[in-house]
Amino acid sequence: MKQPTLATARLSLRPFAVPDAPDVQRLAGAREVAATTLNIPHPYLDGVAEAWIGMHAAAWERGELATFAVTEPSLGLVGAIGLRIERAHRRAELGYWIAVPYWGRGYATEAAVAVIAFGFASLDLNRIYATHLTRNPASGRVMIKAGMRYEGCRRAHIIKWDQFEDLENYAVLRDEWRAATT
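Source: prediction; values computed, not measured.

> Is there a simple way to explain the overall build of the protein chain in this structure?
Looking only at helices and strands, the protein chain features seven helices and eight strands. In summary, the protein chain has a C-alpha radius of gyration of 16 Å against a globular reference of 16 Å for 182 residues, a match within 12%. Dimensions of the protein chain, computed from C-alpha atoms along their principal axes, come out at roughly 45 × 40 × 30 Å. Here the protein chain, with 182 residues, has 48% of them falling under the buried criterion. In the protein chain, once contacts between residues fewer than 6 apart in sequence are set aside, the share between residues at least 24 apart is 60%. Accessible area for the protein chain stands at about 9,400 Å²; split by element, carbon and sulfur atoms hold 55% of it. One finds the centroid of the 21 positive side-chain charges in the protein chain at a distance of 4 Å from the centroid of its 19 negative side-chain charges.

Encoded structure:
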């Protein structure tokens, strides 16, 4: 089964394609984006975006990932969002980034709401969780607006650019999502 495209009021969330690679490299490669994410490199070297995009279809087929390009009709690519699926536990980790010029427009929240709904309604998940660096409270606000609850802080849990960082944890359960959307 091919990964679907999701539609929101303003956005289209579609699978990435190789022609998106230059935009991914430019937008995700901004230091401000890389600084607030766990796995985006900086500098973002040539070929990295193509390799990243190239693994999506197989990971979807294996049931491991659902990665979407966040696009706005008049702007094109504005970011990415996805679920890292753990089928054995019927859970997934939500992750996302939005390009700097598009911060503060609600795109991350709108995309997160759609992907969470997709995870529960189409992928039969029971739990969707996410984390953010403590120094990036805007990401926590996205999670709350998307219906997630704060679950705690993992102190000095990761190393980002040679510094220990705390991670704030959020999650939403299927029954909570269902109660909030009916």
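Past the structure itself, the notes keep going.
> When you look at the nonpolar core in this model, what are you seeing that I'm missing?
In globular proteins that are soluble, nonpolar side chains generally tend to be buried together. Counting residues in hydrophobic clusters, the biggest one holds 52 residues, and the most contacted among them are L13, I81, L83, L94, I116, I128 and M148. Considering every element that reaches this core, the biggest residue donor is helix α5 (residues 107-121), with nine residues. Non-local contacts of M148, meaning those with residues more than four positions away in its chain, are made with L94, I116, I128, Y129, A130, M143, Y170, A171 and V172.

> What should I look at first to understand the side chain of T109 in this one?
The residue T109 is located in helix α5 in this model. Excluding its chain neighbours within four sequence positions, the residues that come into contact with T109 are V142, K145 and A146.

> Hey, could you run me through the pattern of salt bridges in this one?
Between side chains of opposite charge, pairing is possible as soon as their charged atoms come close. By the definition in use, this model includes twelve salt bridges. Between E176 and R149 there is a salt bridge, and its shortest N-O distance comes to 3.3 Å. With E176 in helix α7 (residues 174-181) and R149 in strand β7 (residues 149-160), the pair connects residues that are 27 residues apart, well separated along the chain. Given a relative accessible area of 23%, E176 falls into the partly exposed group. Among the ionic contacts, a cluster of salt bridges with common partners joins R90, D124 and R174.

> Would you explain α5 in this entry?
The periodicity of an α-helix, 3.6 residues per turn, causes residues three or four places apart in sequence to face the same way. Taking 1.5 Å as the rise per residue, α5 with 15 residues should run 21 Å; its terminal C-alpha atoms sit 21 Å apart, in good agreement. Among the 15 residues of α5, twelve are classified as buried, and the element is accordingly described as predominantly covered. Those residues of α5 not exposed but buried are Y107, A108, T109, E110, A111, A112, A114, V115, I116, F118, G119 and F120.

> What exactly am I supposed to notice about the layout of surface pockets here?
By rolling a water-sized probe across the atoms, one finds the places where empty space is left. Reported here for the largest pocket is a volume of approximately 1,300 Å³. Along the walls of the largest pocket sit 46 residues, with T37, A80, G95, Y96 and W97 positioned nearest its centre. Residues of the lining of the largest pocket, tallied by class, amount to 27 nonpolar, 14 polar and five charged. Taken as a whole, the second largest pocket encloses approximately 150 Å³ of empty space. Forming the boundary of the second largest pocket are K2, Q3, P15, F16, I53, G54, H56, A57, W60, E61 and T67. Of all elements in the fold, only α3 (48-54) and α4 (56-61) reach the threshold of two or more residues within the lining of the second largest pocket. Element by element, the count of residues in the lining of the second largest pocket is highest for α4, at four residues. In the lining of the second largest pocket, the residues fall into five nonpolar, four polar and two charged.

What counts, and at which threshold
Residues numbered from 1 in each chain as written. Predicted model: local features only at pLDDT ≥ 70, side-chain atom pairs only at ≥ 80, totals over all residues. Heavy atoms only, no water. Helix = DSSP H or I, 4+ residues; strand = E, 2+ residues; numbered from the N terminus. Rg over C-alpha atoms; globule rule 2.2 N^0.38 Å. Buried < 20%, exposed > 50% of the residue type's maximum accessible area, 1.4 Å probe, protein only. Contact = heavy atoms within 4.5 Å. Areas by Shrake-Rupley, 256 points an atom, 1.4 Å probe, with all protein chains shown as cover. Lys, Arg positive; Asp, Glu negative; His and termini not counted. Charge placed at Lys NZ, Arg CZ, Asp CG, Glu CD. Core = buried A, V, L, I, M, F, W, Y, C linked by side-chain atoms within 4.5 Å. Salt bridge = Lys/Arg side-chain N within 4 Å of Asp/Glu carboxyl O. Expected span 1.5 Å × (residues − 1). 1 Å grid on protein atoms, 1.4 Å probe; cavity = no way out; pocket = protein on both sides within 12 Å on 5 of 7 lines; lining within 4 Å. Points joined across faces, edges and corners; volume = space filled by probe spheres on them. Nonpolar A, V, L, I, M, F, W, Y, C, P; charged D, E, K, R; others polar.

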